[in-house]
There are 4 protein chains.
Amino acid sequence: MDGTQHHVSSKKWRRKIHEVIYEADTPLGKLFDVVLLVVIIISLILVMLESVPDLGKAYRNEFITAEWVITIFFTIEYFLRIISINKPSKYIFSFYGIIDLLSTIPLYLTFFFGGLNALLAVRSLRLLRVFRILKITRYIGEADKLSKAIKSSGPKIAVFLFAVMVVSIIFGTLMYLIEGPEHGFDSIPKSIYWCIVTLTTVGFGDIAPETAFGQFLATIIMIMGYGIIAVPTGIVSAEYSQSKREKSDKKTLKNESNYRHVNTQVCQNCHSKKHQDGALYCHNCGYSLDE
Amino acid sequence: MDGTQHHVSSKKWRRKIHEVIYEADTPLGKLFDVVLLVVIIISLILVMLESVPDLGKAYRNEFITAEWVITIFFTIEYFLRIISINKPSKYIFSFYGIIDLLSTIPLYLTFFFGGLNALLAVRSLRLLRVFRILKITRYIGEADKLSKAIKSSGPKIAVFLFAVMVVSIIFGTLMYLIEGPEHGFDSIPKSIYWCIVTLTTVGFGDIAPETAFGQFLATIIMIMGYGIIAVPTGIVSAEYSQSKREKSDKKTLKNESNYRHVNTQVCQNCHSKKHQDGALYCHNCGYSLDE
Amino acid sequence: MDGTQHHVSSKKWRRKIHEVIYEADTPLGKLFDVVLLVVIIISLILVMLESVPDLGKAYRNEFITAEWVITIFFTIEYFLRIISINKPSKYIFSFYGIIDLLSTIPLYLTFFFGGLNALLAVRSLRLLRVFRILKITRYIGEADKLSKAIKSSGPKIAVFLFAVMVVSIIFGTLMYLIEGPEHGFDSIPKSIYWCIVTLTTVGFGDIAPETAFGQFLATIIMIMGYGIIAVPTGIVSAEYSQSKREKSDKKTLKNESNYRHVNTQVCQNCHSKKHQDGALYCHNCGYSLDE
Amino acid sequence: MDGTQHHVSSKKWRRKIHEVIYEADTPLGKLFDVVLLVVIIISLILVMLESVPDLGKAYRNEFITAEWVITIFFTIEYFLRIISINKPSKYIFSFYGIIDLLSTIPLYLTFFFGGLNALLAVRSLRLLRVFRILKITRYIGEADKLSKAIKSSGPKIAVFLFAVMVVSIIFGTLMYLIEGPEHGFDSIPKSIYWCIVTLTTVGFGDIAPETAFGQFLATIIMIMGYGIIAVPTGIVSAEYSQSKREKSDKKTLKNESNYRHVNTQVCQNCHSKKHQDGALYCHNCGYSLDE
């Protein structure tokens, strides 16, 4: 604490802002996260409603006004994030830094250059910002276990996807030869699309086999898809129950380890995360974490 | 037993009615439950058949008559439930009390105010009354185990649903930009609807991608959906087999505990349930449970 | 062996026929089963092809001739089965006895009474006869394990089906109110049909919600269906792996018990099955099993 | 090494070519595999794009030129494979030998005999050649474990497929009788096709029941399909987690055994594979493996 006494007032303010914006340990930090979450969700709903033809035309001005308010809010937040960190480049070129920029600038671009309405849909990327805020919720443990199960079953699922691809290409080509363009199987890529629609049991029905042999082949594809679906399920199921068993084994050994990452401290200097509870200095650059 | 001797005759009758209507330990109580079950099911079938245009017109009078008979039966039951309990408010504002009221009054409302035919569909809520009766069947053990597995996999499934939602919003927006209103993707909400239809492998086909790139993206969504479906299955599977193992472990320790809740006694005074077998007084208010 | 010496010649013939038709231990018995299997499959293919409009008309006479040949073959087999058994009623009123009769008589009935073409489809029941023949194959062990897993998960699946039913009725009624007859939701039963089509992720698309709120509700139904599908899978998975573990535990105790039922001996007198290997007399009636 | 000194120069060259084409231990061998993989994938993409009507016509000449280049490349590779092996028949009549031939000759056949455009689709078989190259990747362990799980659940899945078939035939026939040709159920085979489309939850919607009873039956089929899908998933899940457990048990015993097959050596003389690491002579014919 003593070492930070001589910090000039501006530094103190930057540290304060840093704590509120980047962390969620203080009441103000939590409030900021909640406000941000609400603004992001409102913004997403507005983007969606704006795309509905009837609403988009009737309330055109209201949508534009709301969008400007939100964009200015995000712009302020973006600059506060930059000035409150010691090495702004660490934030600007991080994943969330880019997302923040991309979800803020579309309106400015359409304002200055006009006509780029498609660009406005980029605002949907604001959704990804939700993850940053939710990172600190109680679901983290679950998501962690799940993502571990998914990660460890990754290579198997890659093999499986490769198999799906091969089956689709072979049967897609066959269906193209059997049904042909007159029954909607215009080209091999479209036949492969149909084959994946069928294998995954989605079955839009926009294209459907009409010849007897085509229907027979479709039957085989469907039953294969029915069998294939069992494979990733079996894999994830097995991996998940194993990762669960391992977790519960570990828990009995060192049972507080589960909560280590829930800490939301972020180093103001080097932007590194996952500091130990009660840590006074950054484990990466040695910068003081406390005020 | 002695303590209840001085109860006046009206109290005895109320106790008798309470036992028949609320409990299922006596032959009359069981008979009442069976009759009620049959009436509810008949009533549900009538509501359904009435909605079939041809039948609804042809047998209009028969339907109205039957509905009045059932409504009067439910009305009587409702008042018996109120008068046989010491604190009627405990029943009236309980979950089933409200369901009972809602599933009884629609016909009276349409009779007095007329024209509110949509209101008649509220009668479908009678279905929920079935649960009260079935609560006492032998399936309770199973439902218990299942609901426990579902409950303990709740947070994981919440994470999973959140993931589905995020994927749908991102890909829905993308599809809206690629396919556009000319191919049925009228607005972002509708695109998200299509995306969920595809992710869950339902695939109505009311909207289907028509551009090559849209179909390519659809392919990715479908395969993702195919992979994602593995996650909740794996979770429930793992949780269920664990809750089963735990149950069988517990059973060896205290093997009668499984049947504790099958008892159907309900306190006439405070409407509380789950009394121990052979209990003489309510565990909540101390009121005598026996006659 | 000595005890059977005094059997009269007719009895010997009946015993011989019984052995060939009912059992599969002798080469002739096996040959008979194979021939029967081939005839049943040919017969099924003929029934199917006959229903194809173009083929049915073009080769009308050929189909009728083939059908008569097969019917006469089945008639002879039916009578041989009756005369070769001591108590014919045991066979006639058994499950397969009734199937045999039903799959043989349709042609006679249409011949004598005419016009009952719908009746000819009853011949599809011949399919069930396949099971009698396949009973003696090596798959028996597997089918046994599987059917045990399915049986023990029966009550849970009943609970689950009940849940599906309740969800379908509630959401079906809601969709009927929201979408109404103008969007294809003609009546509550049809709405329930649509709801099950959606919940099971089949999604024909013959009926699809068109209002925004209807589509929103459909989204919820689909995601529920997606979650619900996890439940029976998890159940069967858990039950199956348990029944497998138990089986392997038992095997180590008495490892020949698995093959006890593969024996195809059938008592000529009382039609009982599952005799022990090398048994000389029926375990049920004491009749000699050997020649 | 000494024993190979007296080999004539031509033999040395053949050995060199053999090593480059058949094996992947040397840098040149790896390079060759990568080049081959790229050419195969380009060739597949060309076959697909060529089938797109617009592209196929616009760039007709470019496609033909590219196809000739690829075909000549494959022809050279095919002959090098033949001359570099001691017993060419071992390669020519092996699985990949036939695939190589079939994926090379279509263009020659259409050049000499003309008009056989359908034949060109045979080139899709080139896809299978990808497997030969990928055999040597790190996924082998995973694919191995998976294929073992699938193999050991084979007989059960056969039982299950048989059940699906039986259900489809019975319900297909029923639906044909109920709905009839006027609602799209033209014949029993088509009804069976519809039944499989429904059971597997694909649900194209090209045919859909229209009578009330037909829809009721469809409901039953769908719920059955919903239940049946649980069976193969449960099987694969149980088998997979077992094969995984066994694998991890074995690994602790002899933990290098997992990598034994990753070696890509192929005997030049008898075309046999899976030699032990560091083997100097073929385990099958005793021919020297080293230069």
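Given the structure is predicted, the values throughout are model-derived calculations rather than measurements. (Residues numbered from 1 in each chain as written. Chains lettered and ligands numbered in written order. Predicted model: local features only at pLDDT ≥ 70, side-chain atom pairs only at ≥ 80, totals over all residues. Heavy atoms only, no water.)

**Topic: the overall build of chain A**
Now for step 1: Within chain A, the secondary structure is distributed over 13 helices and zero strands.
Now for step 2: The secondary structure elements of chain A, listed N-terminal to C-terminal, are α-α-α-α-α-α-α-α-α-α-α-α-α.
Now for step 3: Counting all 291 residues of chain A, 47% fall into the buried class.
Now for step 4: At a minimum sequence separation of 6, the contacts of chain A that also span at least 24 residues come to 59%.
Now for step 5: About 14,400 Å² of surface is accessible on chain A, with carbon and sulfur atoms providing 66% of the total. (Helix = DSSP H or I, 4+ residues; strand = E, 2+ residues; numbered from the N terminus. Buried < 20%, exposed > 50% of the residue type's maximum accessible area, 1.4 Å probe, protein only. Contact = heavy atoms within 4.5 Å. Areas by Shrake-Rupley, 256 points an atom, 1.4 Å probe, with all protein chains shown as cover.)

**Quick word on the relation of the copies chain C and chain D**
Now for step 1: The transform that puts chain C on chain D rotates by 90 degrees and translates by 0.0 Å along the axis, for an RMSD of 0.1 Å. As the rotation angle and translation indicate, the two copies are arranged about a four-fold axis.
Now for step 2: The share of interface residues of chain C whose copies in chain D are also at the interface is only 17%, consistent with the copies meeting through different surfaces. (Least-squares fit on C-alpha atoms with pLDDT ≥ 70 in both.)

**Some details on the packing of aromatic side chains**
Now for step 1: The tally for this structure, following the rule as stated, stands at 36 aromatic pairs over all chains.
Now for step 2: Both rings, one in Phe204 of chain C and one in Trp194 of chain D, keep their centres 6.0 Å apart while their planes meet at 20 degrees; by these two values the pair is stacked. Here Phe204 of chain C is found in the loop between α11 (188-199) and α12 (212-228), whereas its partner Trp194 of chain D is found in helix α11 (residues 188-199) on a different chain. Taken as a pair, Phe204 of chain C and Trp194 of chain D share a single burial class, namely buried.
Now for step 3: Three or more aromatic residues joined by ring pairs form one cluster here, namely Tyr22, Tyr78, Phe79 and Tyr91 of chain A.
Now for step 4: Stacked on the ring of Tyr22 of chain A, the Lys or Arg Arg81 of chain A has its end atom at 5.1 Å from the ring centre. (Phe/Tyr/Trp six-rings, centres within 6.5 Å; stacked < 30°, edge-to-face > 60°. Lys NZ or Arg CZ within 6 Å of the ring centre and 35° of its normal.)

**Some points on the interface of chain C and chain B**
Now for step 1: Contact with chain C, which involves 42 residues of that partner, is made by 44 residues of chain B.
Now for step 2: Across the interface of chain C and chain B, roughly 3,500 Å² is buried in total on both sides, 77% from carbon and sulfur atoms.
Now for step 3: Our count for the contact surface shared by chain C and chain B stands at zero salt bridges.
Now for step 4: Inspection of the chain C/chain B interface yields one residue pair in polar contact (both at pLDDT 80 or more).
Now for step 5: Listing elements by their share of the side of chain C that touches chain B, those giving two or more residues are α10 (154-179), α11, α12 and α13 (230-253) of chain C.
Now for step 6: Looking at which element gives the most residues to the side of chain C that touches chain B, the answer is α10 of chain C, with eleven residues. (Buried area = accessible area lost by both parts, 1.4 Å probe. Salt bridge = Lys/Arg side-chain N within 4 Å of Asp/Glu carboxyl O. Polar contact = N/O pair within 3.5 Å; in protein donor to acceptor, adjacent residues only side chain to side chain.)

**A look at the interface of chain C and chain D**
Now for step 1: Contact with chain C, which involves 42 residues of that partner, is made by 42 residues of chain D.
Now for step 2: Each partner contributes to the roughly 3,600 Å² buried at the junction of chain C and chain D, and carbon and sulfur atoms together form 77% of this total.
Now for step 3: Between the two partners, chain C and chain D, sit one residue pair in polar contact (both at pLDDT 80 or more).
Now for step 4: Taken together, the elements giving at least two residues each to the side of chain C that touches chain D come down to α2 (27-51), α8 (126-134), α9 (140-152), α10, α11, α12 and α13 of chain C.

**Quick look at the packing of α11 of chain D against helix α12 (residues 212-228) of chain D**
Working note: a packed helix pair is described by the angle between its axes plus the distance between those axes.
All names here are of chain D.
Now for step 1: Closest axis-to-axis distance for the α11/α12 pair is 8 Å, and the angle between their directions is 50 degrees. With respect to α12, the element α11 is oriented oblique. Residues Trp194, Cys195, Thr198 and Leu199 of α11 form the contact with α12, whose own contacting residues are Ala218, Ile221, Met222, Met224, Gly225 and Ile228.
Now for step 2: Along the lines of polarity and charge, the residues of the contact of α11 with α12 split into eight nonpolar, two polar and no charged. (Axes fitted to C-alpha atoms, helices over the stretch in contact; angles between N-to-C directions. Parallel < 35°, antiparallel > 145°, perpendicular 65-115°, else oblique. Nonpolar A, V, L, I, M, F, W, Y, C, P; charged D, E, K, R; others polar.)

**Comments concerning helix α2 (residues 27-51) of chain B**
Now for step 1: Look at α2 of chain B: 37 Å from first C-alpha to last across 25 residues, which is about the 36 Å you get at 1.5 Å a residue.
Now for step 2: Where α2 of chain B is concerned, the buried positions are Gly29, Phe32, Asp33, Leu36, Val39, Ile40, Ser43, Leu44, Leu46, Val47, Met48 and Ser51 of chain B. (Expected span 1.5 Å × (residues − 1).)

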